[in-house]
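Topology and contacts: notes
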Amino acid sequence: MSGNLTLSKIVKQKSISITEATRRIADLGWAPTYFEEILKYPTDYKVEKAPKDPMKQVLRSYFPMQEEKDNRVYGALDAALRGDMFRNVEPRWIEWQKLFLAIIPFPEISAARSMAIQSQIAPGEDLRTGFTMQMIDEFRHSTIQMNLKKWYMENYVDPAGFDITEAAFGKCYATTIGRQFGEGFITGDAVTSTNVYLQVVAETGFTNTLFVAMPSEAARNGDYALPTVFLSVQSDESRHIGNGHSFLMSIVKEPENLDLLERDLRYAFWQNHAIVDAAIGTIIEYGTKDRDKNKESYAELWHRWIYDDYYRTYLLPLEKYGVKIHHDDVEAAWDRIVKKNYVHKVAQFFSVGWPVAFWRIDGMVDEDFEWFEAKYPGWYNEFGQYWENYEKASLPNQPPLLYLDQGYIYPHRCWSCNVPALIREDFCVDEVEGELYTYCSETCRWTHKVAFAAEYNGRATPAMGRFSGRRQWEECYHGWDLADVIKDLGFVRSDGKTVIQQPHLHMEDDKMWKLEHFKGLELRSPLMDLRAMSPEEREKHIAEYRAGFTIKPI
Amino acid sequence: MAQSAQKSGAAGSSTFSGSDSRRYNYFEAAGRRATVYEDVTVDVQPDPRRHLLQGWIMSFADGTPSYSEDATVIKCSDWHVYRAPDQEWERTHFQRQSHIENTIKMVVDNARAAGAPDRFDKNWVSVLENHLGALKHAEFGIGIALTKAQRDGVTQMVNNTMLTNSSYKYRLAQDITLYLGDIGLDIDIDGDAGKKTWLEDEAWQGVRKAVEAIMAATDYIEVYFAVNVVYEALVGELFRSGFIMRAGAAHNDYVTPAVVSAAESDYQRNLANTVSLLSMLNGDAEHGDANKAIMQGWLKTHLPLCTGAAEQLQAVWGIEDNDDLDFGSVFADAKDKFRSILSAIDVNLPEGTSL
Ligand SMILES: [Fe+2]
Ligand SMILES: [Fe+2]
Ligand SMILES: [Zn+2]
């Protein structure tokens, strides 16, 4: 008997075909008859057609494939250490990873939670396996990123900021933007959050900038670890994009879904732009030391990935199903990036806010100026003096830049996207349910007032979510002494005096800012001040704010 | 004019305040030193009770924030204390799942190459296509229930423990599906018979009812409790270990037990996670007694469904005229196990309930 058992016979053993396997796996589900599944997370969409699974993958091959990917990642991390990667890495770059890697694991795991919601609303069983794999993928992404961050903490010269990472994520003035992003995947209308905001826009549209542009820039800064992890993460993304498209195709055929889809694509596109471009644009353009003029700027990358690949080849074809795509929003986002200097203004905001950051923000120097001017003509005129000031005020010989007579006015926050209203001329305000709010743009105003409401276009939308809670970070510390704010944030090093964040990369204790340098400076919430004004004062303030500011030399 | 800033990015290349702070310092490790699992898991989902300065900034229309402690009726003084004993994070999870898949593939390939399925009794083949075939749907249903449950906990540790449990159930459901498909290339097996049995065969209707009750439950702790404390002990493991694994050997089938056996170690791990969580909840100084009473209430729903399911499933044992396969004794073992789980989490049977 065992004589027949040759190696070739075992190796050649045929398995059930993948088509038949996926057919049978799709048939594992059934419609319950004894107890009805209750929709815990409702939607206002009509979801009746069962989506199809385009990926045809089974766990038997999925798990070994993922394990193999992991082996490559962990092998590469070991190799990076053996190759002494950290001796040649750019500290400017790694510092920004304290911010990026504080943010990203939460949206990742939120995407896993999102699958709980989507799998309950998707009729039929075909795509349930796809949702399951996405859930497990996102668990992978979140924990592999936490591990990468731990690895940076263990091997990079200044671990402070990595060591408080998740506490900082919950508290920082910048990470609030990332929390808005992650909460958007799991809260409110089940289709809006899981399918449109997460899959159709974030994953299909914006993951290239997150997970492909970041790795390239990392490599240019001597960081070979981030590319290994994030390209591995990105390789799972096509599955999620497939899930998203398949689900979208199942709802787009219902005419009564079209106006909700128009609303949600509009909200999701604009908010993804506002959030992802703020964070990733800044990190890529201002976190790098590589000033090769042949490389693409963030604006160029955006045009290729978001404008050409995503807008023209993914969004536009949806029009044939009757979905209204807001071309003007895409153009407006593009204008914000190339004409209105969105990314540069975010970098300016992050850097002027360094006293409440938890990473070091390196200043820009001559080589940087040159590159920016080449890539974004006119840059020096608008931002040069600011960065000259930043450099001048980087050692603790005077108060932090924001508190000097230098012209920059601390911005209002946008109630929708949570990024401040940095393009001053687009600043707007509105009242929602009797309360005054501030916005970075008309579309963000619309998002809060019109999209996230109990009705839309005359129809009730009881499943829609709300923007709520203490959304405005500054409000938490309105009227506080800056030193107390930093202490409360916990952004203090182990000696109890030196702060984690520094506006430079000097590692000598005597060049580092300490709590005492922030005493007597006040932090205020622009929104609370605005609300406290008389109508006339307010009108004047808004006009002045829209007129902008001029940076003066310090 | 720029002063010479740091050149090397390597640890130890400079010494200054904080330069040796090389551990995540915002949570308390359960042991002496944080494990990798803790490092990559704790506080990734923030909480207004810990570090989340602004609270949640989105809500549902009724004002319920993105995460809410009210997603379960269970109360806990500090949900963040929980650590899953299996300590799974992505790397260990994929290693274990991949190892199981590869092992099953090897066992099945070898067995098929040796012509093992040809030697299964005819009668046994029909048991496999119908009853093992029906089991895969039960496992899948439990997987769905746990996928939905992993949305709602207020800590990453609680949610991820349900997520990995769900992943194990899907793997098992697919393992059985593919196994029946693979041996169906060698012997005559109707791959769709199991679904029909699951939906229509009287013996399985109790199981289907018990599983559907779990799928319909909206309280995520109830789901986790019902799955691992009640259903798996009294129905899932009973059928896998008390029938498939035992009867297989008697029919010259050493392959099927090997395919199903991974599920038993899956369950031991998931049970350990569950007992650890529920013990924490029931040992809570402030809420423990109320929690126990709530779990007793859940028993009133799920216990009769599961014991009923087991008794109805007894018919499958009847197909076999094998004296070693006495339903009464394996069910008695299952009840013992169930009792020991209850005592581990300190929950009593509801008044007037007998097993
Ligand atoms: Fe992801
Ligand atoms: Fe994803
Ligand atoms: Zn905005």
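Calculation rules
Residues numbered from 1 in each chain as written. Chains lettered and ligands numbered in written order. Predicted model: local features only at pLDDT ≥ 70, side-chain atom pairs only at ≥ 80, totals over all residues. Heavy atoms only, no water. Helix = DSSP H or I, 4+ residues; strand = E, 2+ residues; numbered from the N terminus. Buried < 20%, exposed > 50% of the residue type's maximum accessible area, 1.4 Å probe, protein only. Contact = heavy atoms within 4.5 Å. Areas by Shrake-Rupley, 256 points an atom, 1.4 Å probe, with all protein chains shown as cover. Lys, Arg positive; Asp, Glu negative; His and termini not counted. Charge placed at Lys NZ, Arg CZ, Asp CG, Glu CD. Domains from an automatic or database assignment. Buried area = accessible area lost by both parts, 1.4 Å probe. Salt bridge = Lys/Arg side-chain N within 4 Å of Asp/Glu carboxyl O. Donors = N, O, S within 2.8 Å, 3.2 Å for Na, K, Ca; no water. Expected span 1.5 Å × (residues − 1). Arc of directions from axis to C-beta. Tetrahedral: all angles 85-135°; square planar, octahedral: opposite > 155°, others 65-115°. 1 Å grid on protein atoms, 1.4 Å probe; cavity = no way out; pocket = protein on both sides within 12 Å on 5 of 7 lines; lining within 4 Å. Points joined across faces, edges and corners; volume = space filled by probe spheres on them.

1. Observations concerning the overall build of chain B
Helices and strands together make up the secondary structure of chain B, namely ten helices and one strand. Taken from the N to the C terminus, the helices and strands of chain B come in the order α-β-α-α-α-α-α-α-α-α-α. Principal-axis analysis of the C-alpha atoms gives chain B an extent of 85 × 55 × 40 Å. For chain B, buried positions account for 65% of its 355 residues. Counted over contacts in chain B with a minimum sequence separation of 6, partners at least 24 positions apart contribute 79%. Of the roughly 12,000 Å² that chain B leaves accessible, carbon and sulfur atoms contribute 49%. Measuring between centres, the 32 positive side-chain charges of chain B sit 6 Å from its 50 negative side-chain charges.

2. Concerning the domain arrangement of chain B
Residue and element names in this part refer to chain B. If you check the domain split of chain B, you get domain 1 (1-66) and domain 2 (90-344). Distance from the C-alpha centre of domain 1 to the C-alpha centre of domain 2: 38 Å. The interface is formed by nine residues belonging to domain 1 together with eight residues belonging to domain 2. Surface buried jointly by domain 1 and domain 2 totals about 630 Å² across both partners, of which 44% is contributed by carbon and sulfur atoms. Our count for the domain 1 to domain 2 interface comes out at zero salt bridges.

3. Considering the coordination of the iron ion (ligand 1)
Residue and element names in this part refer to chain A. At this site the iron ion (ligand 1) is bound by Glu 108 (OE), Glu 138 (OE) and His 141 (ND1), with donor distances of 2.0 to 2.2 Å. In the primary sequence, the donor residues of the iron ion (ligand 1) line up as E-x29-E-x2-H. With a relative accessible area of 5%, Glu 108 lands in the buried category.

4. Comments concerning helix α10 (residues 327-344) of chain B
Residue and element names in this part refer to chain B. For α10, built from 18 residues, the straight-helix expectation of 26 Å at 1.5 Å per residue is met to within 8% by its first-to-last C-alpha distance of 25 Å. Those residues of α10 not exposed but buried are Phe 327, Val 330, Phe 331, Ala 334, Lys 335, Lys 337, Phe 338, Ile 341 and Leu 342. Buried residues along α10 cover an arc of 160° about the axis, so they all sit on one side. Structurally, α10 contributes buried residues whose contacts are with α7 (220-250), α8 (255-282) and α9 (288-319). In the segment just after α10, Asp 346 is the residue with positive phi, at about 60°.

5. Some words on the coordination of the zinc ion (ligand 3)
Residue and element names in this part refer to chain A. Protein ligation of the zinc ion (ligand 3) involves Cys 414 (SG), Cys 417 (SG), Cys 440 (SG) and Cys 444 (SG), the donor distances falling in the range 2.3 Å. Seen from the zinc ion (ligand 3), its four donor atoms lie at angles of 103 to 116°, and the figure they make is tetrahedral. In the primary structure, the donors to the zinc ion (ligand 3) are separated according to the pattern C-x2-C-x22-C-x3-C. Note that Cys 414 is positioned in the loop between α18 (379-392) and β1 (428-432) and Cys 440 in the loop between β2 (435-439) and α19 (442-451), a separation of 26 residues in sequence. For the pair shown, Cys 414 and Cys 440 are each scored as buried.

6. With respect to the pattern of salt bridges
Residue and element names in this part refer to chain A. What the rule picks out here adds up to 74 salt bridges over all chains. Across the pair Asp 335 and Lys 339 runs a salt bridge whose closest N-O atoms are separated by 3.4 Å. Asp 335 sits in the partly exposed class, given a relative accessible area of 24%. Classification of Lys 339 by relative accessible area gives exposed; the value is 62%.

7. Description of empty space enclosed by the protein
Counted under the stated rule, the structure contains ten cavities of 30 Å³ or more. Quantified by volume, the largest cavity comes out at close to 140 Å³. Taken together, 17 residues line the largest cavity, and the ones lying closest to its centre are A:Lys40, B:Lys148, B:Ala149, B:Ala217 and B:Thr218. Secondary structure elements with two or more residues in the lining of the largest cavity: α6 (105-121) of chain A together with α3 (122-149), α6 (202-216) and α7 of chain B.

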